[in-house]
Amino acid sequence: MARVRQRWLSGRAVSLHAAVLVFVPGCAVAAWWQVNRAQDGNQLSFFYSAMWPVFGLLGLYFWWMLVHTDYDTVGLKGMRRQQTGAPEDQAASPAPPPVVTEAPPVVAATEADPELAAYNARLAELSAKGPKTWRNRDPVVVRRAQ
């Protein structure tokens, strides 16, 4: 029961409810306005009178999906949670396969191919940094001359 209450009455959910209560009637008013304009002879308003209800339905769909998405199990937070172990409510489910975080061994490049050695060194460096996210960005990528 507490999980349902948290889903529907959290701060994020309440703001989503308020947004959908403004957006959907706004789309209905815009559709009615376009129907009246279409009846006055504006041909393009026939298209807009069908477009606004579609926007309202899309708003309802996105509201439903945003309220019912569990952000602890999706995205980067969910991937990290799977790596560290299953939460207590999913303890009965089988554990996911372990994620290998070690850098793969770099194949030793011969002196005949320094470009391959530089490429392998760059791959090893990127692998050592971990996943690239908006918090963990590369500062600047230097491009080689053509």
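Please refer to the structure placed before this passage.
What counts and what doesn't
Residues numbered from 1 in each chain as written. Predicted model: local features only at pLDDT ≥ 70, side-chain atom pairs only at ≥ 80, totals over all residues. Heavy atoms only, no water. Phe/Tyr/Trp six-rings, centres within 6.5 Å; stacked < 30°, edge-to-face > 60°. Helix = DSSP H or I, 4+ residues; strand = E, 2+ residues; numbered from the N terminus. Buried < 20%, exposed > 50% of the residue type's maximum accessible area, 1.4 Å probe, protein only. Contact = heavy atoms within 4.5 Å.

### A word on the packing of aromatic side chains
Then step 1. Per the stated rule, a full pass over the model turns up six aromatic pairs.
Then step 2. One aromatic cluster is present, built from ring pairs that chain together Trp-8, Trp-63 and Trp-64.

### Remarks on the environment of Ala-13
Then step 1. Note that Ala-13 resides in helix H2 (residues 11–39).
Then step 2. Judged by relative accessible area, which is 1%, Ala-13 ranks as buried.
Then step 3. Sequence separation between Ala-13 and His-68 is 55 residues; the distance between their C-alpha atoms is 9.4 Å.
Then step 4. Every residue in contact with Ala-13, bar those within four places of it in the chain, is listed here: Arg-7 and Trp-8.

### Examining the side chain of Ser-45
Then step 1. Within the secondary structure layout, Ser-45 lies in helix H3 (residues 44–68).
Then step 2. Setting aside anything within four residues of it in sequence, one finds Ser-45 in contact with Gln-34, Arg-37 and Ala-38.

Scope: geometric values only; no functional claims are made or implied.
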